[in-house]
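Below, each chain spelled out in residue letters.
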Amino acid sequence: MAEDKSKRDSIGMNMKGCQTNNGFVHNEDILEQTSDTGSSADNLQHSNTSILGSQEPDFKGVQPYAGMPKEVLFQFSGQARYRIPREILFWLAVASVLVLIAATVAIIVLSPKCLDWWQEGPMYQIYPRSFKDSNKDGNGDLKGIQDKLDYITALNVKTVWITSFYKSSLKDFRYGVEDFRQVDSIFGTMEDFENLVAAIHDKGLKLIIDFIPNHTSDKHTWFQLSRTRTGKYTDYYIWHDCTHENGTTVPPNNWLSVYGNSSWHFDEVRNQCYFHQFMKEQPDLNFRNPDVQEEIKEILRFWLTKGVDGFSFDAVKFLLEAKHLRDEIQVNKTQIPDTVTQYSELYHDFTTTQVGGMHDIPLDQYSTEFMGTEAYAETIDRTVMYYGLPFIQEADFPFNNYLTMLDTVSGNSVYEVITSWMENMPEGKWPNWMVSPHASTVHNVLLLPLQENRWNPGGGGGCSESRSRHCTPVWSHSVAQAGVWWHDLGSLQPSPPKFK
Ligand SMILES: [Ca+2]
Ligand SMILES: [Ca+2]
């Protein structure tokens, strides 16, 4: 008891000293007060030990004060009336931080993704040769497109899509490319292209261009080197032994070209047959060859450095063929095989949309911006495969031309096509609607402000001013759709559509 009293006296003296010092206490004051009691350093140590001991002194009537020494502070802080609120506040702070983190993650996960530029407005596809002829030589050209950018902007188009303008022959609408790094002279020069890119970007537009990975022209340097078995180019194309007797080629199998007749052509220089999905002047590249893939990447990088914002990969469904080279199955099994020459007379299970083949090629790695694919398969469920899988991104979207393939346009037929696409499209992907085919003559421009929410009630909702005017609701709510317009005759330009 005497010891406790001594301890309380010591603390009380400290407090007293503090109070007389207007509540501001220095350690020296404590030491001085302690010294005044006649205690030695040992006493001080004894005093501190007692304060921190298991026996809590009676501080009844004593209030904490500013500047109290650590030892006193510890004594008060251990009391339940201070400790419990402190612990409550601590855990509240921890809980608040955890809730904040969880809320942030939830908001990020659940919030609608910001639209990419290719989702914010229609694309306008231009076949340059018939769009506008700037120098009156009979061929539309790149300068002609540049001259019409105000018109394109007036359509509220956001992206210009220019079809093949590469150095090529006139065969197959310039899709037999002789040099992927050159602008064909009938369209202008590389300087014209660079000026066009700058002008497009000055207007706030984006530019995508066609790219044709499946084949080249037979005049391409690669093919000339391949047919002579020169170095790495030897396997740049799909070569196979075949016989050539009495003016007749006996091909490796019954595969047919899209344009009819055998898709194999005998090459006298190499003394082998090469494969072509399209014309014989358009030999298919061997896309399984890593060197070919690297060449393709380099070409895409070349155009990206020119300022191109994305690509439309043409004829992707024809990229790969089955390695086994087995005959394709006849549609009419009773037809004499030698008379099967038309493309429609075979099922093309081994030469198109190769499952396990197409997906082996990570197409999207070739484009840092946008990649669409022209892969018009027979059925929608096969075309949407080009969206890729949840963890394998392929095209940003495969172009959807099914509206243009309707034999009879009616409310029901349009509804069925749209519904079919939306139901087959992988979750989270972006739809698109091509409203005029690119391989026909003149089509009226039509914009369908279709609505994602119509089929996806849980999707992001509502139009905002920052989004395209094309989100003008038809069914009371919508998001912008990436429509695709085809305009192939500049002399018959339609009036800009009216948007509400
Ligand atoms: Ca011209
Ligand atoms: Ca191919």
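Cut-off values and rules
Residues numbered from 1 in each chain as written. Chains lettered and ligands numbered in written order. Predicted model: local features only at pLDDT ≥ 70, side-chain atom pairs only at ≥ 80, totals over all residues. Helix = DSSP H or I, 4+ residues; strand = E, 2+ residues; numbered from the N terminus. Buried ≥ 20, exposed ≤ 12 C-beta atoms within 10 Å, placed from the backbone. Contact = placed C-beta atoms within 7 Å. Core = buried A, V, L, I, M, F, W, Y, C linked by C-beta atoms within 7 Å. Domains from an automatic or database assignment. UniProt positions renumbered as here; feature names shortened; annotations may be inferred. Expected span 1.5 Å × (residues − 1). Pairing = 2+ DSSP bridges. pLDDT = per-residue confidence, 0-100.

Considerations on the overall build of the chain
Part 1 of the argument: In terms of regular secondary structure, the chain is built from 13 helices and 17 strands.
Part 2 of the argument: Going through the 500 residues of the chain one by one, you find that 36% of them count as buried.
Part 3 of the argument: The long-range fraction of contacts in the chain, counting pairs at least 24 apart against all pairs at least 6 apart in sequence, stands at 66%.

A look at the nonpolar core
Part 1 of the argument: Grouped together as the largest cluster of nonpolar side chains are 66 residues, with contacts concentrated most on Tyr124, Ile126, Val160, Ile162, Leu207 and Ile209.
Part 2 of the argument: Domain assignment of the residues forming this core places at least three in each of domain 2 (120-214 + 287-320 + 355-450) and domain 3 (238-284 + 322-350).
Part 3 of the argument: Beyond its immediate sequence surroundings of up to four residues, Ile162 is in contact with Ile126, Pro128, Ile145, Leu207, Ile209 and Asp210.

A few points about the UniProt feature "transmembrane region" (unreviewed entry) in the chain
Part 1 of the argument: Under the local residue numbering, the UniProt record ascribes the feature "transmembrane region" (unreviewed entry) to residues 88-110.
Part 2 of the argument: Taken end to end, residues 88-110 is 100% helix and 0% strand, and its first and last C-alpha atoms sit 32 Å apart.

Remarks on helix H10 (residues 290-305)
Part 1 of the argument: With 16 residues, H10 extends 22 Å between its outermost C-alpha atoms, agreeing within 8% with the 22 Å of an ideal straight helix rising 1.5 Å per residue.
Part 2 of the argument: Two residues or fewer after H10 comes Gly307, characterised by a positive phi angle close to 105°.

Describing the pairing of strand S10 (residues 272-275)
Part 1 of the argument: The two faces of S10 match: Gln272 and Tyr274 on one face and Cys273 and Phe275 on the other face are all buried.
Part 2 of the argument: Here strand S6 (residues 239-240) pairs with S10 via 2 bridges, running antiparallel. Directly across from Trp239, in S10, lies its bridge partner Tyr274.
Part 3 of the argument: Following strand S9 (residues 264-267), the chain reverses through 4 residues before pairing antiparallel with S10; Asn271 in that reversal takes a positive phi of roughly 60°.

So, unusual backbone geometry
Part 1 of the argument: Here the phi dihedral of Asn156 falls at roughly 65°; this positive angle occurs in a residue that is not glycine.
Part 2 of the argument: Structurally, Asn156 is set in the loop between helix H7 (149-154) and strand S2 (159-162).
Part 3 of the argument: Of note in the backbone geometry, Asn271 takes a positive phi value of approximately 60° without being a glycine.
Part 4 of the argument: Structurally, the position occupied by Asn271 is in the loop between S9 and S10.

Here's the deal with the pairing of S9
Part 1 of the argument: One ladder, built from 4 bridges, connects S9 with S10; its direction is antiparallel. Looking across to S10, one finds that Trp264 is bridged to Phe275.

Structural notes on the sheet that holds S9
Strand pairing in a sheet relies on backbone hydrogen bonds, with the paired strands running either antiparallel or parallel.
Part 1 of the argument: Taken in spatial order, the 3 strands line up as S6-S10-S9 in an open sheet, and their pairing is antiparallel. Edge positions in the open sheet fall to S6 and S9, since each of these has one partner strand only.

A short note on the environment of His220
Part 1 of the argument: In this structure, His220 sits in the loop between strand S5 (206-211) and helix H9 (221-227).
Part 2 of the argument: Residue class for His220 comes out buried when judged on the 23 C-beta atoms lying within 10 Å of it.
Part 3 of the argument: Separated by 41 residues in sequence, His220 and Asp179 place their C-alpha atoms 6.4 Å apart.
Part 4 of the argument: When near neighbours in sequence (up to four residues on either side) are disregarded, His220 contacts Val177 and Glu178.

What to know about the environment of Pro252
Part 1 of the argument: Considering the arrangement of structural elements, one finds Pro252 in the loop between strand S8 (248-250) and S9.
Part 2 of the argument: Looking at Pro252, the number of C-beta atoms within 10 Å reads 18, which means it is partly exposed.
Part 3 of the argument: For the pair Pro252 and Ser263, spaced 11 residues apart in the sequence, the C-alpha separation amounts to 9.9 Å.
Part 4 of the argument: Apart from residues no more than four positions distant in its own chain, Pro252 is found in contact with His240, Cys242, Trp264, Cys273 and Leu325.

Things to note about the environment of Val157
Part 1 of the argument: For Val157, the location among the structural elements is in the loop between H7 and S2.
Part 2 of the argument: Note on Val157: 24 C-beta atoms within 10 Å, which makes it buried.
Part 3 of the argument: Measuring from C-alpha to C-alpha, the distance between Val157 and Gly121 comes to 6.1 Å, with 36 residues separating the pair along the chain.
Part 4 of the argument: Residues in contact with Val157, not counting those within four places in the same chain, are Gly121, Pro122, Tyr124 and Ile152.

As for the confidence of the model for the chain
Part 1 of the argument: Looking at the chain, the pLDDT average stands at 76 and 70% of residues meet or exceed 70.
Part 2 of the argument: By mean pLDDT, the top-scoring element of the chain is helix H8 (residues 190-202) (98), and the lowest-scoring one is helix H13 (residues 452-455) (36).
Part 3 of the argument: Residue range residues 5-54 is modelled with pLDDT below 50. Its contacts to residues more than four positions away, or to other chains, number 47 contacts.
Part 4 of the argument: Low pLDDT (under 50) marks residues 439-500, which in the prediction has 121 contacts with non-local residues, meaning those over four places away or in another chain.

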